[in-house]
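An overview of the molecular structure
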Amino acid sequence: MRAVELTARLLLALVFLTAVIGKLRTRAGFAGFVTSVVQFGVPRRWAGPVARLAVAAEAAVVLLLALPGTVPAGLLLAAGLLGVLTAAIARALRRGARPACRCFGAGDAPIGARHVARNLALVAAALLGLLAGTVGGPAPGPGGLLLAAGLALPLAALVVRLDDLVALFAPSPPRAARPAGRS
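Think of each chain on its own: its residues are numbered from 1, step by step along the sequence as written. Totals for whole chains, interfaces and linings use all residues, but because this is a predicted model, local features are given only for residues with pLDDT of at least 70 and pairs of side-chain atoms are given and counted only at 80 or more. The basis for every side-chain value is the complete set of non-hydrogen atoms in the structure, without hydrogens or water.

Within the protein one finds seven helices and zero strands. Starting at the N terminus, helices and strands are each numbered in turn, a helix being any DSSP run of H or I of at least four residues and a strand any DSSP run of E of at least two. Listing every helix and strand of the protein by position from the N terminus yields α-α-α-α-α-α-α. On the principal axes, the C-alpha backbone points of the protein span a range of 75 × 45 × 30 Å. A total of 183 residues make up the protein; the buried ones form 40% of that total. Whether two residues are in contact is decided by their heavy atoms: any pair within 4.5 Å suffices. Put simply, 68% of the contacts in the protein that link residues at least 6 apart link residues at least 24 apart. The accessible surface values rely on the Shrake-Rupley method and a 1.4 Å probe; as for residues, cover is taken only from the protein chains in view. Surface exposure of the protein reaches about 10,500 Å², of which carbon and sulfur atoms provide 70%. Here Asp and Glu are counted as negative and Lys and Arg as positive; His is not counted, and neither are the chain ends. Every charge is mapped to an atom, namely NZ of Lys, CZ of Arg, CG of Asp or CD of Glu. Of the charged side chains in the protein, 19 are positive and 5 negative, and the gap between their average positions amounts to 8 Å. Each residue gets one of three labels from its accessible area relative to the maximum for its type: buried under 20%, exposed over 50%, partly exposed in between, using a 1.4 Å probe on protein chains only.

Shown next, in the form of structure tokens:
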């Protein structure tokens, strides 16, 4: 069961680390995130502090998941933070708002049901990791470490690049018909 905990731990650490880096990489990236916080319904005067708190909480998840003695706290914080973010997305969708998903920085895809589903899947991973950690078992050997990393890395990439994958496989809009007589 420790390999399951390690997989969840790696997955969530990678996702949250990517989120922190994406938001803080440039001033414009963080400014875009602050703007999206306003579009989610946070009053403009609170948007900066709320955005900084969100990034700090994401960074705390990464740190807690990196230290062996604090993994359960990291998994709980990840689940709680994802729950809050999911509720914010669902609330915005109910209002008819579709702000850009700035979860990983500069993205411009509008939020949708896929973001709710993605976050709920991550909550499930955090809770499964927490459960696996409480059940215990021997520490994973080299094979378990490779398996955990082999699962966590592509899953994290899928989570982080979800909007790009959806755009890639979305149907193309029909082309305008050419005027008659032109080739």
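We are not done yet, so read on.
What makes a patch is a set of residues exposed beyond 30% relative accessible area and free of salt bridges, joined within 9 Å when like-charged and within 5 Å when nonpolar (Val, Leu, Ile, Met, Phe, Trp, Tyr). Any carboxyl oxygen of Asp or Glu that lies within 4 Å of a side-chain nitrogen of Lys or Arg is treated as forming a salt bridge with it. The grouping of L147, L151, L155, L158, L165, L168 and F169 at the surface amounts to a nonpolar patch, some 690 Å² of accessible area in total. Secondary-structure elements contributing two or more residues to the nonpolar patch are α6 (142-160) and α7 (162-169). Looking at the nonpolar patch element by element, the count peaks at four residues for α6. Relative to the assigned elements, F169 resides in helix α7. The exposed category is assigned to F169, whose relative accessible area is 66%.

What follows concerns the side chain of R9. With respect to the secondary-structure elements, R9 resides in helix α1 (residues 2-24). Of the side chains with opposite charge, E5 lies nearest to the buried R9, which makes no salt bridge, at 5.7 Å. R9 has contacts with L65, A66, L67, P68 and V71, leaving out every residue within four places of it along the chain.

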